[in-house]
Amino acid sequence: MKLSIYGAGRVGATTAFAILEKRLFDEIVLVDINKSLAEGEAMDLLHSTPFLKRTIIRSGNAEDITGSDVIIITAGASQKEGETRLQLLDRNVGIIQKIADEIKQYSPQSIVINVTNPVDVLTYVLWKRLETDSAKVLGTGTILDTARLRSLIGINCQVSPVSVHAYVIGEHGDSEVVAWSAATIGGVKIKEFCNCCDRKNCLGLEKIEEEVRNAAYEIIKRKGATNYAIAQATANFVESILKDEQRVWTPSVLYEDIYIGYPAIVGRQGVQRIIPLQLSREEEQKFIHSCEIIRNTLRQLKA
Ligand SMILES: NC(=O)C1=CN([C@@H]2O[C@H](COP(=O)(O)OP(=O)(O)OC[C@H]3O[C@@H](n4cnc5c(N)ncnc54)[C@H](O)[C@@H]3O)[C@@H](O)[C@H]2O)C=CC1
Ligand SMILES: CC(=O)C(=O)O
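Just so it is clear, the model here is predicted, and its values are computed rather than measured.

(A) Fine view of the site of ligand 1. The full set close to ligand 1 counts 32 residues, and Gly 7, Gly 9, Val 11, Ala 75 and Asn 117 are the nearest of them. Among the secondary structure elements, those contributing two or more residues to the shell around ligand 1 are α1 (10-20) and α3 (89-106). Counting only domains with at least three residues in the shell around ligand 1, you end up with domain 1 (2-139) and domain 2 (143-302).

(B) The arrangement of the site of ligand 2 in detail. Close contacts around ligand 2 come from Gln 79, Arg 85, Asn 117, Leu 144, Ala 216, Thr 226 and Ile 230, and that covers them all. Looking at the shell around ligand 2 residue by residue, the class counts come to three nonpolar, three polar and one charged. Here the shell around ligand 2 spans two domains, and each of domain 1 (2-139) and domain 2 (143-302) adds at least three residues to it.

(C) Broad picture of unusual backbone geometry. A cis amide bond, omega -5 degrees, links Asn 117 with the succeeding residue Pro 118. At Glu 131, a position not held by glycine, the phi torsion is positive, near 50 degrees. Structurally, Glu 131 is set in the loop between α4 (119-130) and β6 (137-139). A positive phi angle, close to 55 degrees, is found at Asp 244, a residue other than glycine. Here Asp 244 shows up in the loop between α8 (228-242) and β12 (247-249). Here Asp 244 falls in the exposed class, since 12 other C-beta atoms lie within 10 Å of it.

(D) A look at the UniProt feature "binding site: substrate" (unreviewed entry) in the protein. The feature "binding site: substrate" (unreviewed entry), as annotated in UniProt, sits at Gln 79, Arg 85, Asn 117, Pro 118, Val 119, Asp 120, Asp 145, Thr 146, Ala 147, Arg 148 and Thr 226 in this numbering. Here Val 119 is to be found in helix α4. With respect to the element layout, Thr 146 can be found in helix α5 (residues 143-157). If we ignore the near neighbours within four places in the chain, the residues touching Thr 146 are Tyr 167, Val 168 and Thr 250.

(E) Expanded view of the domain arrangement of the protein. Assigned domains within the protein: domain 1 (2-139) and domain 2 (143-302). A straight line from the C-alpha centre of domain 1 to that of domain 2 covers 23 Å. Tallying the contact residues gives 33 residues for domain 1 and 34 residues for domain 2. Secondary structure elements with two or more residues in the side of domain 1 that touches domain 2: α1, β4 (70-73), α3, β5 (111-114), α4 and β6. Residue composition of the side of domain 1 that touches domain 2, grouped by class: 19 nonpolar, eight polar and six charged.

(F) Representation of helix α2 (residues 35-46) within the structure. For α2, built from twelve residues, the straight-helix expectation of 16 Å at 1.5 Å per residue is met to within 8% by its first-to-last C-alpha distance of 16 Å. Burial in α2 covers these residues: Ala 38, Glu 41, Ala 42 and Leu 45. In an axial view of α2, the angular spread of the buried residues amounts to 100 degrees, which keeps them on one side of the axis. Exposed side of α2, more than 90 degrees from the buried face: Ser 36 and Met 43 are the residues found there. Those residues of α2 that are buried are in contact with α1, β2 (27-31) and β3 (56-59).

(G) Quick look at the sheet that holds strand β7 (residues 164-165). Taken together, three strands build an open sheet; the order of strands is β7-β10-β11 and the sheet is antiparallel. A single partner strand is all that each edge strand has here, and the edge strands are β7 and β11 (188-189). In the sheet, β7 pairs with strand β10 (residues 184-185) via two bridges, with the strands oriented antiparallel. Note on β10: the bridge partner recorded for Val 164 is Ile 185.

(H) Main features of the environment of Ile 258. Assignment of secondary structure puts Ile 258 in strand β14 (residues 258-261). Ignoring sequence-local partners within four residues, the contact set of Ile 258 consists of Tyr 124, Cys 291, Ile 294, Arg 295 and Leu 298.

(I) Just the pairing of β5, in detail. Side chains Ile 111 and Ile 113 project from β5 onto one buried face, and the interleaved Val 112 and Asn 114 project onto a second face that is buried too. Here β4 runs beside β5; their pairing, made up of four bridges, is parallel. Residue pairing across strands places Ile 73 opposite Asn 114, the latter belonging to β5. For the crossover from β4 across α3 to β5, the handedness is right-handed. The pairing of β5 with β6 spans three bridges and is parallel. Within β6, the residue paired with Ile 113 across the bridge is Leu 138. Regarding topology, α4 serves as the crossover connection from β5 to the parallel β6, and that connection is right-handed.

Conventions we followed
- Residues numbered from 1 in each chain as written.
- Chains lettered and ligands numbered in written order.
- Predicted model: local features only at pLDDT ≥ 70, side-chain atom pairs only at ≥ 80, totals over all residues.
- Near = placed C-beta within 6 Å.
- Helix = DSSP H or I, 4+ residues; strand = E, 2+ residues; numbered from the N terminus.
- Domains from an automatic or database assignment.
- Nonpolar A, V, L, I, M, F, W, Y, C, P; charged D, E, K, R; others polar.
- Buried ≥ 20, exposed ≤ 12 C-beta atoms within 10 Å, placed from the backbone.
- UniProt positions renumbered as here; feature names shortened; annotations may be inferred.
- Contact = placed C-beta atoms within 7 Å.
- Expected span 1.5 Å × (residues − 1).
- Arc of directions from axis to C-beta.
- Pairing = 2+ DSSP bridges.
- Right-handed = clockwise from strand over helix to strand, strands pointing away.

Shown next as structure tokens:
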């Protein structure tokens, strides 16, 4: 099995490390315009393999991605303090188009997972440019936001996040939506769970939603970037694809005429099918608004 990662920066290198620990691949190639950085990260990662599994880890150029089973894209600019993800579009669209051309030339059969922001808009650009089956082109979408939501509910409600089933859908950005009406803890609807809970210092669902939406801004303000949770999210997502687990994730998938975060069953062939969520009227309106933001951004880009 072979993996290639575009971008050996904070997200790319941490993702490589998280994936390496899963012992999934025989070969990992890091491609970065900063060749020295890619070389250094590959060397350091390689030296961790005696504790894991024999894996060839090296830096490379576009032609070295040939024959990859999976390609992850983390290349490009990241948010400065206070910047939105959508503001990265002008800086990152050319990078994604160039990478798409290289994938088309050297490894057109790969499953491609985009992380670079704004992830929904850029995954659409990637898919169009690759001219391939949309099932095999995915963005990480709201997988990270969903993980943030589950972890914050878990802390607040004193329950393992593993027993929390709740999804963030929509844009991976300011217009994202928490599907509270479909959220459960141990099979119990979250609002019913709250009705029979008398916890004094409960944050409340609105505050949890706000913290999830603002998480990236708050982390970037403190440490300049986010990397650990997105790396774990991407590593677990890749593992479930390779093992054909048919798990439900919230990747950025083709939904009507755009790419957006939405629950979907994902397996070895990529997206198997989208799961229609039962949303409240208000959540439905918010989701439509989120779709419109992505649609308008794509319209402006095409113009
Ligand atoms: N979708 C999500 O949930 C998340 C997305 N991100 C996004 O991931 C991206 C990367 O973030 P960081 O790793 O923190 O940035 P970084 O600046 O640490 O790394 C980016 C790397 O991309 C490389 N690069 C730039 N152009 C390239 C090209 N044409 N080919 C190959 N490599 C190229 C740079 O040399 C740099 O090493 C950003 O767009 C960020 O917003 C970050 C966290 C979560
Ligand atoms: C940077 C980013 O997109 C995130 O941490 O959510």
